[in-house]
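Fold and geometry: a report
The residues making up each chain are set out below.
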Amino acid sequence: MRGLGARYDGDDGPGGPNRRILKAASITAVAVLAAVGLFLSACSTGGTGSRDEGAARAEVGSAAPAPSPSGSASAGQMPAERVDPIALIKGDPKIGERLKADLKPCVADAYPVDTSYGNLTGGTSPDVVVNVMTCGDAVGIGTYVYREVGDGYRNVFMAEDAAVYATIDRGDLVVTKQVYAKGDPVAYPSGEDVITYRWAGNRFSQHDWVHNDYSRAVGDGGIDGPPTAEPSGS
C-alpha cells in the first residue's frame, strides 16, 4: 500500500538500523491491514457499521411520530363569554330589593362579587355562578346560578343564607354554608355544611350532603386556655 513501505539500502548486519526500520514498517503494515479487515467485516455483517441496502427499516420498539392533535380535543370546551354580574343581580326579579340596594362597591368600582363560569346545566353556553359577599369580612350573603335562555340569562338557583358560598366542581354545584353556634365570632364558625347539587331535567336537586365540625382548639376558636399561675411573692 502506498506510504507503508520502507527503503532498504543493503544489508547492514543483523542488528543494523536498516533491518530495524524494515521490521517496524512490517509490523505497522500488518496492524493497519488487520484494522481494515475488521472494518470491512463489520460493514458486511451488520454490527455497528452501515449496510448499503437502501432505506433503513423501522426497528421494532422505535418511537413512532406523535400524532397531530385532532379537533375533537376541544370539542367539549365552551366559550367563556363574560357577563356583567352586577347587571344580572340588579335585573333579577327573584332577588329582594334590600340586597340590591346594599350591593355597592367596596372600593372605587370594585364590588364584593365573585363570578364563576362552567357547565352545570348541559347548555351550549357556560352557566354563571355569582357569589355576593360583605365588604368588611368577605362573608357570603347570597349565591345565584344563571343559565342562558334565548338572548338572556335566567335564575335557576339561589341561596340567601348567612355565610353561604357556591363553587363549580366537575359539573356539580357545591354550596358551602358556615354553621355558627351561639357566641361564635364571624371568623371562627363551629362547622360547615357542604351540599352538592346536580342538574336534573330543568332544576337542581340535592345529590350529596356533608357536615364538618371544626376544632375549637386551634386558632382563636374561643376556648380559653388554662389560667396562668400568678408568681408567688417572696
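Predicted model only: the values in this text are computed from it and were never measured.

This paragraph deals with the sheet that holds strand β7 (residues 191–200). Spatially, the four strands line up as an open sheet ordered β5-β6-β7-β8, and their pairing is antiparallel. What marks the edges here is a single partner per strand, and that holds for β5 (164–169) and β8 (203–213). For this sheet, the mean inter-axis angle between neighbouring strands, taken without regard to orientation, is 25°. Where β5 lies against strand β6 (residues 172–179), six bridges are found, and the strand directions are antiparallel. Counted as the bridge partner of Val164 is Lys177 from β6.

Before going further, it helps to examine the state of the cysteines. For the structure on display, the rule yields one disulfide. Across the disulfide from Cys106 sits Cys135; the S-S distance is 1.8 Å. Across the disulfide from Cys106 to Cys135, rotation about the S-S bond amounts to roughly -85°, and the bridge is consequently left-handed. A residue pair is termed long-range when its members are at least 10 positions apart, and Cys106 in the loop between α3 (97–102) and β1 (113–118) and Cys135 in the loop between β2 (127–133) and β3 (140–149) qualify at 29 residues. Residue classification places Cys106 among the partly exposed positions, given a relative accessible area of 35%.

What follows deals with the packing of aromatic side chains. Tallying each qualifying case throughout the model produces three aromatic pairs. An angle of 80° between the planes, with centres 5.9 Å apart, marks the rings of Phe157 and Phe204 as edge-to-face. Of this pair, Phe157 sits in strand β4 (residues 152–159) while Phe204 sits in strand β8, placing them 47 residues apart in sequence. Among the residues examined, Phe204 registers a relative accessible area of 7% and is labelled buried. Grouping aromatic residues by their ring pairs yields a cluster made of Phe157, Tyr197, Trp199 and Phe204.

To continue, consider the sheet that holds β1. Read from one edge to the other, the open sheet built from four strands follows the order β1-β2-β3-β4, with strand pairing classed as antiparallel. Taken across any chain shown, the strands that pair with only one partner, and hence form the sheet edges, are β1 and β4. Neighbour-to-neighbour, the strand axes of this sheet turn through a mean angle of 25°, independent of strand direction. Here six bridges tie β2 to β3, and the two strands are oriented antiparallel to one another. Bridge pairing in β3 links Val129 to Val145.

Turning to the pattern of salt bridges, a few remarks are in order. Per the counting criterion, the structure on display carries four salt bridges. Here Arg170 ties to Asp169 by a salt bridge, and the two come within 3.1 Å at their closest N and O atoms. In this structure Arg170 comes out as exposed when scored by relative accessible area, which is 78%. Two residues, Asp172 and Arg198, come together in a salt bridge whose shortest N-O distance is 3.0 Å. One end of the pair, Asp172, is in strand β6; the other, Arg198, is in strand β7, with 26 residues separating them in the sequence.

Reading the values: rules and limits
Residues numbered from 1 in each chain as written. Predicted model: local features only at pLDDT ≥ 70, side-chain atom pairs only at ≥ 80, totals over all residues. Heavy atoms only, no water. Pairing = 2+ DSSP bridges. Helix = DSSP H or I, 4+ residues; strand = E, 2+ residues; numbered from the N terminus. Axes fitted to C-alpha atoms, helices over the stretch in contact; angles between N-to-C directions. Disulfide = S-S within 2.5 Å. Buried < 20%, exposed > 50% of the residue type's maximum accessible area, 1.4 Å probe, protein only. Phe/Tyr/Trp six-rings, centres within 6.5 Å; stacked < 30°, edge-to-face > 60°. Salt bridge = Lys/Arg side-chain N within 4 Å of Asp/Glu carboxyl O.

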